[in-house]
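Here is what each chain is made of, one letter per residue.
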Amino acid sequence: DCGTYVLALRREARGKVAGDWQALVRELPGVCAGTSASPHRLQIEANHAALSAIRAEFGAFLRIEPLFLRAPSD
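Residues numbered from 1 in each chain as written. Predicted model: local features only at pLDDT ≥ 70, side-chain atom pairs only at ≥ 80, totals over all residues. Heavy atoms only, no water.

Caption draft 1: View of the overall build of the protein chain. Summing up its helical and strand segments, the protein chain has 2 helices and 4 strands in all. In sequence order, the protein chain lays out its α and β elements as β-α-β-β-α-β. Taking 11 Å as the expected radius of gyration for a compact globule of 74 residues, we find that the protein chain reaches 13 Å, a close match to that expectation. By principal-axis analysis of the C-alpha atoms, the protein chain measures approximately 45 × 25 × 20 Å. In the protein chain, the share of contacts with a sequence separation of at least 24, taken over all contacts with a separation of at least 6, comes to 59%. Surface exposure of the protein chain reaches about 5100 Å², of which carbon and sulfur atoms provide 51%. (Helix = DSSP H or I, 4+ residues; strand = E, 2+ residues; numbered from the N terminus. Rg over C-alpha atoms; globule rule 2.2 N^0.38 Å. Contact = heavy atoms within 4.5 Å. Areas by Shrake-Rupley, 256 points an atom, 1.4 Å probe, with all protein chains shown as cover.)

Caption draft 2: Structural context of the side chain of Gln 22. Mapped onto the secondary structure, Gln 22 falls in helix α1 (residues 21-26). We classify Gln 22 as buried; its relative accessible area is 12%. Engagement of the side chain of Gln 22 in a polar contact is seen with the backbone oxygen of Arg 41, the distance being 2.8 Å. (Buried < 20%, exposed > 50% of the residue type's maximum accessible area, 1.4 Å probe, protein only. Polar contact = N/O pair within 3.5 Å; in protein donor to acceptor, adjacent residues only side chain to side chain.)

Caption draft 3: How the structure looks around the sheet that holds strand β3 (residues 41-47). Across the sheet, 4 strands lie side by side as β2-β3-β1-β4; this open sheet has antiparallel pairing. Where the open sheet ends on each side, the last strands, each with one partner, are β2 (31-33) and β4 (62-66). Between one strand axis and the next, the sheet turns through 35° on average, direction left out of account. The pairing of strand β1 (residues 2-9) with β3 spans 7 bridges and is antiparallel. Within the sheet, the bridge partner assigned to Ala 8 lies in β3 and is Arg 41. Taken strand by strand, helix α2 (residues 48-58) contacts β1, β2, β3 and β4, and its axis lies near 135° from that of β3. (Pairing = 2+ DSSP bridges. Axes fitted to C-alpha atoms, helices over the stretch in contact; angles between N-to-C directions.)

Caption draft 4: Fine view of a positive patch on the surface. Among the surface-exposed residues, Arg 11, Arg 14, Arg 41 and Arg 63 lie close enough to one another that they form a single positively charged patch. Among the secondary structure elements, Arg 14 is positioned in the loop between β1 and α1. (Patch = residues over 30% accessible without salt bridge, like charges linked within 9 Å, V, L, I, M, F, W, Y side chains within 5 Å. Salt bridge = Lys/Arg side-chain N within 4 Å of Asp/Glu carboxyl O. Lys, Arg positive; Asp, Glu negative; His and termini not counted. Charge placed at Lys NZ, Arg CZ, Asp CG, Glu CD.)

Now the structure itself:
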């Protein structure tokens, strides 16, 4: 099962995490992500194993929030 998530770099973690953290996240198996307009945020699609890997490696630096896509109302 894949879900869509927004990863946001915590303010207090800026400067403490690798500058290429987005590239490192993209390289993880099970992660699909496009380009990001912000160096502090990244939207991804990830399976459970990939999400666990992100939490283990970057959890201290990132807020990880599920993105709930809403269907347009009639």
